[in-house]
Amino acid sequence: MSRTSAASRAFTETEDESVKANWHKSTYSGASNGCIEHTKLSADQRAIRDTKNPEFGTLVFDSTAWHAFITGINSGVLQI
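Note that the coordinates shown come from a computational prediction; the quantities given were computed from them, not determined experimentally.

Thresholds applied
Residues numbered from 1 in each chain as written. Predicted model: local features only at pLDDT ≥ 70, side-chain atom pairs only at ≥ 80, totals over all residues. Heavy atoms only, no water. Helix = DSSP H or I, 4+ residues; strand = E, 2+ residues; numbered from the N terminus. Buried < 20%, exposed > 50% of the residue type's maximum accessible area, 1.4 Å probe, protein only. Contact = heavy atoms within 4.5 Å. Areas by Shrake-Rupley, 256 points an atom, 1.4 Å probe, with all protein chains shown as cover. Phe/Tyr/Trp six-rings, centres within 6.5 Å; stacked < 30°, edge-to-face > 60°. Pairing = 2+ DSSP bridges. Axes fitted to C-alpha atoms, helices over the stretch in contact; angles between N-to-C directions.

Draft legend 1. Highlighting the overall build of the chain. Looking only at helices and strands, the chain has two helices and four strands in total. Looking at the chain residue by residue over its 80 residues, the buried ones come to 21%. Residue pairs in contact within the chain that sit at least 24 positions apart in sequence constitute 17% of those at least 6 positions apart. Surface accessibility of the chain: about 6000 Å² in total, with carbon and sulfur atoms responsible for 54%.

Right, dumping it as structure tokens:
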């Protein structure tokens, strides 16, 4: 199996899983409609998406990237 087809298969599996996932609206979402949802996926991954436009897709993070993302938000380095 080529590397491309393995990556493609992993992407498709993650995409299928995110469609079926139990999404949760962020507690930081407010009246400004800048809302995101998050979910935990298998293989120690997390995903986020726009609440109003879920058809736009998701951002998927492995555990290390998720931790860095949350740390960046909590410290004010990343603003959402």
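Draft legend 2. Structural view of the packing of aromatic side chains. Scanning all chains against the criterion turns up three aromatic pairs. Judged by centre distance (5.5 Å) and plane angle (65°), the rings of Phe61 and Trp66 are edge-to-face. Between Phe61 and Phe69 the ring centres are 4.8 Å apart and the planes differ by 25°, which places this aromatic pair in the stacked class. Neither residue differs from the other here; Phe61 and Phe69 are each classed as buried.

Draft legend 3. Here's a closer look at the sheet that holds strand 3 (residues 45-50). Read across the sheet, four strands follow the order 1-2-3-4 without closing on themselves; strand pairing throughout is antiparallel. Two strands close off the open sheet at either side, each with one partner strand: strand 1 (24-25) and strand 4 (59-62). The strands touched by helix 2 (residues 63-75) within the sheet are strand 2 (36-41), strand 3 and strand 4, with strand 4 carrying the most contacts at an inclination of about 110°.

Remember, this is a structural readout, not a statement about activity or role.
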